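The primary structure of each chain is shown beneath.
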Amino acid sequence: MKTIKVGDQQLDLFAHDVSTSTPPAVRPTAPPAPPVAKALPPPPVVALAPPPNQPSVPPLPSPPRSADGPPLRQLQLGGHLVEFALRRSTRRSIGFMIDDNGLRVTAPKRVTLAEIDNAIRAKQGWIVSKLLERGERKVQRQQRQPVAWVDGAVLPYLGGEITLRLHQAPRHRASFQRDTNELHVWVTPAGSELQLKEKVKTWFQHEARQLFEARLDLYAEKLGVRYDALSLSSAGTRWGSCTIERKIRLNWRLIHFALPLIDYVVAHELSHLLEMNHSPRFWATVESIYPDYDGAKQALRKRSQELPVLFN
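Thresholds, definitions, all that
- Residues numbered from 1 in each chain as written.
- Predicted model: local features only at pLDDT ≥ 70, side-chain atom pairs only at ≥ 80, totals over all residues.
- Heavy atoms only, no water.
- Pairing = 2+ DSSP bridges.
- Helix = DSSP H or I, 4+ residues; strand = E, 2+ residues; numbered from the N terminus.
- Axes fitted to C-alpha atoms, helices over the stretch in contact; angles between N-to-C directions.
- Contact = heavy atoms within 4.5 Å.
- Salt bridge = Lys/Arg side-chain N within 4 Å of Asp/Glu carboxyl O.
- Buried < 20%, exposed > 50% of the residue type's maximum accessible area, 1.4 Å probe, protein only.
- Core = buried A, V, L, I, M, F, W, Y, C linked by side-chain atoms within 4.5 Å.
- Parallel < 35°, antiparallel > 145°, perpendicular 65-115°, else oblique.
- Left-handed = near helix turned anticlockwise from the far one by under 90°.
- Nonpolar A, V, L, I, M, F, W, Y, C, P; charged D, E, K, R; others polar.

(A) Structural view of the sheet that holds strand 10 (residues 240-242). Reading across from one edge, 9-11-10 is the order of the 3 strands in this open sheet, with mixed pairing throughout. Two strands in the sheet have a free side with no partner beyond their single neighbour: strand 9 (229-233) and strand 10. Mean inter-strand twist for the sheet, computed between neighbouring axes without regard to direction, equals 15 degrees. Strand direction decides the pairing type here: strand 9 and strand 11 (residues 247-251), joined by 5 bridges, are parallel. Pairing of leucine 230 across the sheet is with isoleucine 248, part of strand 11. Packed on one face of the sheet, helix 3 (residues 193-223) meets strand 9 and strand 11 and runs near 145 degrees to strand 9. Sitting on the sheet, helix 4 (residues 259-271) touches strand 10 and strand 11, and the angle it makes with strand 11 is about 155 degrees.

Structural data, given as structure tokens:
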């Protein structure tokens with residue numbers, strides 16, 4: 001089975017001292033001829049290096065370009081050229097969505113392009129700061145080393161760590177030993193790394209669904225609401241969503257985080273059943289069943305940047 005194993009030039013500058021001596025004075029018999037001016041060589045071109053420790057600005061993320069979709073729109077916001085995807089809908093106002101894929105704008109059909117651009121300019125401070133934040137997080141994720149899928153690998157689970165134990169067997173299966181925090185996975189001798197990763201992912205998703213259902217039932221009772229369906233999401237950065245049909249989607253990768261962070265996302269999405277927005281009334285609803293929602297929101301953002309790369 002294929003595994004991934006993780007595992008000067010010196011510049012001296014010399015200053016040359018040139019010494020000159022004065023010859024004995026000689027009485028000229030005739031006035032000396034004027035010296036001939038020699039052409040001086042052009043000064044060398046010196047390339048200026050950038051100042052040391054200059055912080056680099058991460059690139060602003062842009063929505064993926066679709067071959068059959070409409071082209072992205074561009075707008076200059078200060079010193080940044082922002083690309084965004086525009087979608088028309090029946091909604092009454094202009095909405096903004098920012099994630100790792102950049103800015104997406106949803107606007108009513110009656111609103112002109114100029115009005116959309118003006119609405120973006122009115123929020124340009126918030127938009128640019130969020131895009132810069134997303135760009136930096138994306139760069140940090142790309143720099144993290146992926147997990148080596150070998151026996152003894154450490155995997156994040158419910159805010160802690162579990163150890164992967166590999167065995168050979170005629171068929172693939174997985175079993176978790178809670179007393180030792182070890183995930184035992186049996187693979188065939190001819191099994192590939194992809195098959196191993198899929199088996200581990202399936203186990204994580206199974207654990208996630210069972211836990212999410214229990215936490216949704218608990219917080220729905222606290223809030224006095226009812227949801228109709230739960231589905232698992234594999235989105236890159238979006239942790240949850242709620243529709244007007246009372247369907248809730250939760251990212252199965254939440255299973256890597258501690259239970260209080262999972263509960264925050266659960267409380268957040270259930271609160272949308274009463275307030276389909278992020279108004280002060282919405283956050284008051286979240287606070288009624290999860291008081292420290294702001295601390296959990298910050299912790300979730302920080303912890304998501306610390307997770308190792310498990311699945312591409």
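(B) Inspection of the pairing of strand 11 at higher detail. Strand direction decides the pairing type here: strand 10 and strand 11, joined by 3 bridges, are antiparallel. In the strand pairing of strand 11, glycine 240 is matched with leucine 250. The hairpin formed by strand 10 and strand 11 contains 4 residues between the paired strands, and arginine 246 there has a positive phi angle of roughly 70 degrees.

(C) Focus on the pattern of salt bridges. Counted under the stated rule, the structure contains 11 salt bridges. The residue arginine 73 makes a salt bridge to aspartate 117 at a minimum N-O spacing of 3.2 Å. Pair noted here: arginine 73 is in strand 1 (residues 73-77) and aspartate 117 is in helix 1 (residues 113-122), with a separation of 44 residues, a long-range link. Relative accessible area serves as the criterion here: at 23%, arginine 73 is assigned to the partly exposed category. Its relative accessible area of 11% is what places aspartate 117 among the buried residues.

(D) A look at the side chain of threonine 106. Following the sequence through the fold, threonine 106 ends up in strand 4 (residues 102-108). The residues touching threonine 106, leaving out its near neighbours within four places in the chain, are Arg87, Ser89, Arg91, Ser93, Ile94 and Gly95.

(E) Structural context of the nonpolar core. Within the largest apolar cluster, 53 residues are counted, with the highest numbers of intra-cluster contacts made by Leu155, Val200, Phe204 and Leu270. Those elements that provide at least two residues to this core are strand 5 (154-157), strand 6 (160-168), strand 8 (182-187), helix 3, strand 11, helix 4, helix 5 (280-289) and helix 6 (293-306). No other element matches the 11 residues that helix 3 contributes to this core. Those residues in contact with phenylalanine 204 that sit more than four places away from it in its chain are Leu155, Pro156, Tyr157, Ile162, Trp252, Ile255, His256 and Phe311. Counting residues in each nonpolar core, the second largest holds 16 residues, with Leu75, Val82, Leu103 and Ile127 among its members.

(F) Representation of the sheet that holds strand 1 in the model. Across the sheet, 4 strands lie side by side as 1-2-4-3; this open sheet has mixed pairing. The open sheet terminates on both sides in strands that have one partner only, identified here as strand 1 and strand 3 (95-99). In this sheet, adjacent strand axes meet at a mean angle of 35 degrees when their direction is disregarded. Of the strand pairs in this sheet, strand 3 and strand 4 are connected by 5 bridges, and their pairing is antiparallel. Looking across to strand 4, one finds that glycine 95 is bridged to threonine 106. With respect to the sheet, helix 1 is in contact with strand 1, strand 2 (80-89), strand 3 and strand 4, its orientation differing from that of strand 1 by roughly 40 degrees.

(G) How the structure looks around the environment of phenylalanine 257. As for its placement among the helices and strands, phenylalanine 257 is situated in the loop between strand 11 and helix 4. It is 4.3 Å that separates the C-alpha atoms of phenylalanine 257 and glycine 159, two residues lying 98 residues apart in sequence. Look past the residues within four positions of phenylalanine 257 in its chain and what remains in contact with it is Leu158, Gly159, Trp239, Ile262, Leu300, Arg303, Ser304 and Leu307.

(H) Region of the structure containing the pairing of strand 6. Pairing geometry for strand 5 and strand 6, over 4 bridges, is antiparallel. Considered in strand 6, the bridge of tyrosine 157 is made with glycine 160. Between strand 5 and strand 6, which pair antiparallel in sequence order, lie 2 residues; one of them, leucine 158, sits at a positive phi of approximately 50 degrees. Summarising the sheet, strand 6 and strand 8 pair through 6 bridges and their orientation is parallel. In the sheet register, leucine 164 faces strand 8, and the bridge partner there is leucine 183.

(I) Representation of the packing of helix 3 against helix 5 within the structure. Close contact between helix 3 and helix 5 brings their axes to 9 Å; oriented N to C, the two are set at 110 degrees. Comparing their axes, helix 5 and helix 3 come out roughly perpendicular. Here the hand of the crossing between helix 3 and helix 5 comes out right-handed. Note on element contacts: helix 5 touches helix 3 through Thr285, Ser288 and Ile289, opposite Tyr219, Lys222 and Leu223. Looking at the contact of helix 3 with helix 5 residue by residue, the classes come out as 3 nonpolar, 2 polar and 1 charged.

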